[in-house]
Amino acid sequence: MSLNLRQKQTECIIRMLNLNQPVNSSTGMANEEVYKILIFDKSSQDILSPLINVKDLRKHGVTLYFLIDKSSRKPIPDVPAVYFIRPTSSNIQRIVSDAAVPLYDSFHLNFSSSISRTLLEDLASGLLKSNDAVSRVSKVHDQYLDFVTLEDNLFSLAYSNCYLQLNDPKAEQREIEEIIEKIVDGLFCVLATLSVVPIIRCSQGGAAEMVAVALDQRVRDHLLAKNNLFSEGGNFASSFQRPVLCLFDRNFELAMGIQHDFRYKPLVHDVLGLRLNRVSVQGEKGAMKSFELDGSDPFWVANGGLEFPEVAVEIENQLNKYKKDVDDVNRRTGGTSGAEFDGTDLIGNTKHLMSAVNSLPELTERKQVIDKHTNIATVLLGEIKERSLDSYAKKEYDMMVKGSIDWNELMGVLKGKGSKMDKLRFAIMYLISLETVPQSDAEMVETALREAEVDTSAFQYVKKIKSLNVPLTSISSASRGNIVDWAGNLLAAGMKNLLSGDRQLALARIVDALMEGRPNPEVDSYLLFDPRAPKSSSGSHLRGPFKEAIVFMIGGGNYMEYASLQELASSQQPAKHIIYGTTEILTGAEFVDQLASLGKKMGLGVNPASSAH
């Protein structure tokens, strides 16, 4: 069994586009082609965007597509409409009004997650008010696709400000439970799409345990249904065939949400704002250019994990190889200089010409990829030089490994190159990296930040949480309701979860131990849930080893962690398989913004200085 989330989700979407009819495995299309219209909302558009392009839509008979809240949609008779939307009250109202007109011949309703009984009743009662509206609704499906898959092994629930909401000191217990429920809904969709029931592991206390308990119960309840979504996974008996789902809270390793990284993929995300596999950069003449960066780009796949200087060298190598291949084609098709014309030359030249013609599309494609990455690398290089990003990445890494930094070097960074946000992130990394920071030193760092007109709310928030420094072992399930308590506890532990000498993140180290399943003091206290086992059983026989894992970070993740886990998976013998997911994929600046908001909610860092951006 190999879990390919991107492939599975794409297959579900294609089946949906073909009116939920079986798709021919050889052609990838339905046996009968039906022209149709696609209606989606903003969240479903984000789900579709990394997986399906306009060409794919045309291939599956979609001639037009609209956002559901587009007010100027005109009636198009005799054409079926496929709706792909979240089950919300506003979307239900739009469906009812569309069917009442009616805008389309028939309505195929597909909800991205399970629709509640209340909303289903609202839909039914609304349709009954209009003549023939009910008869126009052909089918209603729960698709369980409410997550965004960016790569084969990378997904996001696209749940904004989750860390801020979970750690809000003013949050009510009911609000926390609603957030947990949303995360569980998203994870259930992922498991349903993969059709697997994993073994669930998490640390004690906090959001990770709350999600684990709720998800375990949700899967258990679903397995009691006659036609459950996990029938395919029903025959996998041993832990080596079932995956392990490892749940983590962002506070487990706070540094990875803030740190500068110098690898290509994390840099493109952090500096250029990669979103839904697209990035926009300024071209030579000042106009913005948009590029797609996904699995169809061989350079991105092969070099995304390399340090930036290595990527620059690889671009140069690819360009030289391209030029050599072009020269080779020109030489072969240009004929031999000074040779007399005869029949054999004609045959030889024709063969060379045919070969050249056949190689042209491949050469053109290679040149487009090289030009794309040359553009991106040029813009990145400008930012690196202007902000000394290479220096930030190296000094943060050294600071974490050594647990110290020369004071003059620290002040030099805070008064040197870099944006306000770069300096703020570096100052927070200083707080996290050192075991203890004297109060006077922290105040001097804060003063330096203020002199640079940086909003210090995020810095003061991390300082406050670190000062709690409650040992992790004091967390009990009884304290879960108090978000600030467990945030402080986990964050105190997260201060120690820094890089080891071989650059393996604490997250990768723990995931490795959980997949191994051997006794290990770092993970022995981790809770285990098996939704297939009776609740009374300990599940100890299913502690590993596992060859596949789904690692989920609650409160925001990033490409740095993703890269670390992929390196771990490929370094194993035999290679293991790890899918990485998170509530949302955040740049360092976006995550620090959430820390700053928490600081302000606690009355910290309020000063007249402008924003840290």
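Residues numbered from 1 in each chain as written. Predicted model: local features only at pLDDT ≥ 70, side-chain atom pairs only at ≥ 80, totals over all residues. Heavy atoms only, no water.

**Student:** Provide a residue-level description of the sheet that holds strand E9 (residues 244-249), including the pertinent values.
**Tutor:** Reading across from one edge, E6-E7-E14-E13-E9-E8-E12 is the order of the seven strands in this open sheet, with mixed pairing throughout. The sheet terminates laterally at strand E6 (148-151) and strand E12 (527-529), the two strands that pair on one side only. Going from strand to strand, the sheet's axes swing by 20° on average, the running direction of each strand aside. Where strand E8 (residues 199-202) lies against E12, three bridges are found, and the strand directions are antiparallel. (Pairing = 2+ DSSP bridges. Helix = DSSP H or I, 4+ residues; strand = E, 2+ residues; numbered from the N terminus. Axes fitted to C-alpha atoms, helices over the stretch in contact; angles between N-to-C directions.)

**Student:** Can you tell me about unusual backbone geometry, naming the residues and giving the values?
**Tutor:** Geometrically, the link from Val-101 to Pro-102 is a cis peptide bond, its omega value of -10° lying close to zero. Tracing the chain through its elements places Pro-102 in the loop between helix H4 (89-100) and strand E4 (106-111). The residue after Gln-573, namely Pro-574, is reached through a cis peptide bond having omega -10°. By secondary structure assignment, the location of Pro-574 is in the loop between helix H21 (559-571) and strand E14 (577-582). Not every positive phi belongs to a glycine, and Asp-78 is a case in point at roughly 65°. Residue position: Asp-78 is located in the loop between strand E2 (62-67) and strand E3 (80-85). Note on Asp-78: relative accessible area 66%, which makes it exposed. A positive phi angle is found at Ala-158, which is not glycine, with a value near 50°. If you trace the backbone, Ala-158 turns up in the loop between strand E7 (154-156) and helix H7 (162-167). Its relative accessible area of 43% is what places Ala-158 among the partly exposed residues. (Buried < 20%, exposed > 50% of the residue type's maximum accessible area, 1.4 Å probe, protein only.)

**Student:** Explain the packing of aromatic side chains to me, using residue names and the numbers behind them.
**Tutor:** One pass over the structure, following the stated rule, counts 17 aromatic pairs. Judged by centre distance (6.2 Å) and plane angle (75°), the ring pair of Phe-147 and Phe-155 falls under edge-to-face. Phe-155 sits in the buried class, given a relative accessible area of 0%. Above the plane of the ring of Tyr-159 lies Lys-182, whose end atom (NZ or CZ) is 4.1 Å from the centre. (Phe/Tyr/Trp six-rings, centres within 6.5 Å; stacked < 30°, edge-to-face > 60°. Lys NZ or Arg CZ within 6 Å of the ring centre and 35° of its normal.)

**Student:** Outline the layout of surface pockets, listing residues and values.
**Tutor:** Over the atoms, a rolling probe the size of a water molecule traces out where space has been left empty. Each pocket or cavity is described by its volume, and for the largest pocket that value is around 1200 Å³. Every residue lining the largest pocket is counted, 44 residues in all, and those nearest its centre are Arg-86, Leu-157, Ala-158, Tyr-159 and Ser-160. Contributing elements (two or more residues each) for the lining of the largest pocket: helix H2 (42-48), E6, helix H8 (173-194), helix H9 (206-223) and helix H22 (588-601). No other element matches H8, which puts seven residues into the lining of the largest pocket. Taken together, the residues of the lining of the largest pocket break down into 17 nonpolar, 14 polar and 13 charged. When its volume is computed, the second largest pocket comes out at roughly 900 Å³. Lining the second largest pocket are 37 residues, and of these Ser-49, Ile-52, Asn-53, Glu-292 and Asp-294 lie nearest its centre. Going through the elements one at a time, helix H1 (5-17), strand E1 (36-40), H2, helix H3 (54-59) and helix H13 (343-387) are the ones with two or more residues in the lining of the second largest pocket. Partitioning the lining of the second largest pocket into residue classes produces 13 nonpolar, twelve polar and twelve charged. (1 Å grid on protein atoms, 1.4 Å probe; cavity = no way out; pocket = protein on both sides within 12 Å on 5 of 7 lines; lining within 4 Å. Points joined across faces, edges and corners; volume = space filled by probe spheres on them. Nonpolar A, V, L, I, M, F, W, Y, C, P; charged D, E, K, R; others polar.)

**Student:** Requested: an account of the pattern of salt bridges, with residues and values cited.
**Tutor:** For the structure on display, the rule yields 31 salt bridges. For Lys-463, the salt bridge is made with Glu-446, and the minimal N-O distance between the two is 3.0 Å. Note that Lys-463 is positioned in helix H18 (residues 457-468) and Glu-446 in helix H17 (residues 439-451), a separation of 17 residues in sequence. (Salt bridge = Lys/Arg side-chain N within 4 Å of Asp/Glu carboxyl O.)

**Student:** Now, about the pairing of E8: what can you tell me, with residues and values included?
**Tutor:** Two faces, one strand: in a regular strand the side chains alternate between the faces of the sheet. Burial along E8 is two-sided: the face carrying Ile-199 and Arg-201 and the face carrying Ile-200 and Cys-202 are both buried. Strand direction decides the pairing type here: E8 and E9, joined by four bridges, are parallel. Along E9, the bridge assignment pairs Ile-199 with Val-244.

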